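Breakdown of the fold
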Amino acid sequence: FIFQAIRCTLVNCTCECFQPGKINLRTCDQCKHGWVAHALDKLSTQHLYHPTQVEIVQSNVVFDISSLMLYGTQAVPVRLKILLDRLFSVLKQEEVLHILHGLGWTLRDYVRGYILQVGGGLECWCLGPALG
Ligand SMILES: [Zn+2]
Ligand SMILES: [Zn+2]
């Protein structure tokens, strides 16, 4: 899983590219700021704020954005979920399911807004070191 350069959006931070932390995937290894602070850089450059263009949103763009929000986490902040809902509404359900499954989410978890049962790979990422 390779991230394109996602700059940190916090003022006075010079971090040019998010580096997933070794202990906490959602903390930048370079600047120690959170994932969402970086993800916002990407979001603001997308068509999200231009509803007239929403029909040209491609599923790979949606995947990109969803991965920013869902990757390595087990809960979606409400504000981000509203954006995601809007994006998902232009995709076919199979495409939405494909994206969610690719990121370790089920549709039911997504609708709920968090993952109830951590399974598969996620367990290793988040709890592995503690359990070992
Ligand atoms: Zn930063
Ligand atoms: Zn950073």
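Residues numbered from 1 in each chain as written. Chains lettered and ligands numbered in written order. Predicted model: local features only at pLDDT ≥ 70, side-chain atom pairs only at ≥ 80, totals over all residues. Heavy atoms only, no water.

**Regarding the packing of aromatic side chains**
Definition in use: Aromatic rings from Phe, Tyr and Trp, with only the six-membered ring used for Trp, were paired whenever their centres fell within 6.5 Å, and each pair was classed as stacked if the ring planes differed by under 30 degrees, edge-to-face if by over 60, and tilted otherwise. Ring-over charges, as used throughout, are those where CZ of Arg or NZ of Lys falls within 6 Å of the ring centre and within 35 degrees of the ring normal.
Under the defined criterion, the tally for this structure stands at 2 aromatic pairs. The aromatic ring of Tyr 110 is capped on one face by Lys 81, whose charged end is 4.9 Å from the ring centroid. The ring of Tyr 114 has Arg 112 lying over it, and the distance from NZ or CZ to the ring centre is 5.6 Å.

**Concerning the coordination of the zinc ion (ligand 1)**
Short version of the rule: In this listing, donors mean N, O and S atoms no farther than 2.8 Å from the metal, or 3.2 Å for Na, K and Ca; water is missing from the atoms, so a site can look incomplete. In these descriptions, tetrahedral denotes four donors with every angle between 85 and 135 degrees, square planar four donors and octahedral six donors with opposite donors over 155 degrees apart and the rest between 65 and 115, and irregular any other case. A run of H or I in DSSP counts as a helix once it spans at least four residues, and a run of E counts as a strand once it spans at least two, with each numbered from the N terminus. Partly exposed residues are those whose accessible area sits between 20% and 50% of the maximum for their type, while under 20% is buried and over 50% is exposed, using a 1.4 Å probe and protein chains only.
Here the zinc ion (ligand 1) is held by the protein donor atoms Cys 8 (SG), Cys 13 (SG), Cys 31 (SG) and His 33 (ND1), which lie 2.0 to 2.3 Å from it. In this structure, the zinc ion (ligand 1) is coordinated by 4 donor atoms arranged in tetrahedral fashion, with angles at the metal of 102 to 124°. Here the zinc ion (ligand 1) and the zinc ion (ligand 2) are spaced 3.9 Å apart, with Cys 31 acting as a shared donor. Separated by 23 residues along the polypeptide, Cys 8 in the segment before helix H1 (35–44) and Cys 31 in the segment before H1 bring together distant segments of the chain. Note on Cys 8: relative accessible area 9%, which makes it buried.

**A word on the pattern of salt bridges**
Basically, it comes down to this: Salt bridge, as used here, is a side-chain nitrogen of Lys or Arg placed within 4 Å of a carboxyl oxygen of Asp or Glu.
Per the stated rule, a full pass over the model turns up 4 salt bridges. Of the charged contacts in the structure, one is a salt bridge between Asp 29 and Lys 22, with a shortest N-O distance of 3.0 Å. Residue Lys 22 is classed as exposed on the basis of its relative accessible area, which comes to 75%. For Asp 29, the salt bridge goes to Lys 32, with nearest N and O atoms at 3.6 Å. We classify Lys 32 as exposed; its relative accessible area is 56%. One network of salt bridges, with partners in common, ties together Lys 22, Asp 29 and Lys 32.

**Some words on the coordination of the zinc ion (ligand 2)**
The reference angle at a metal is 109.5 degrees if four donors form a tetrahedron and 90 or 180 degrees if six donors form an octahedron. Within the protein, Cys 15 (SG), Cys 28 (SG), Cys 31 (SG) and His 38 (NE2) serve as the donor atoms for the zinc ion (ligand 2), at 2.1 to 2.5 Å. One can describe the donor arrangement at the zinc ion (ligand 2) as tetrahedral, given that its 4 donor atoms subtend angles of 100 to 120° at the metal. If you list the donors of the zinc ion (ligand 2) from N- to C-terminus, the spacing comes out as C-x12-C-x2-C-x6-H.

**Section: the environment of Val 78**
Counting through the fold element by element, Val 78 comes out in helix H3 (residues 78–88). Note: C-alpha distance between Val 78 and Gly 113 (35 residues apart in sequence) is 7.7 Å.

**Some details on H3**
Three or four residues apart is the spacing at which side chains of an α-helix point the same way, because the helix has 3.6 residues per turn. As a reminder, the rule being used: This arc is taken over the directions from the axis of the helix to the C-beta atoms.
When we look at burial in H3, the residues that qualify are Leu 80, Lys 81, Leu 83, Leu 84, Leu 87 and Phe 88. Down the axis of H3, the sector holding all buried residues measures 160°, keeping them to one side. When the buried face of H3 is taken as reference, the exposed residues oriented beyond 90 degrees from it are Val 78 and Arg 79.

**Examining helix H4 (residues 93–102)**
Among the residues of H4, those classed as buried are Val 96, Ile 99 and Leu 100. Looking down the long axis of H4, one finds its buried residues gathered within 95° of arc, a one-sided arrangement. Opposite the packed face of H4, turned more than 90 degrees from it, sit the exposed residues Glu 94, His 98, His 101 and Gly 102.

**Brief notes about the state of the cysteines**
Selection rule: Any cysteine sulfur atom paired with another within 2.5 Å is treated as part of a disulfide.
Inspection of every chain in the model, using the stated rule, returns 0 disulfides. Cysteine Cys 17 is unpaired, with the sulfur of Cys 15 as its nearest cysteine sulfur at 6.9 Å.

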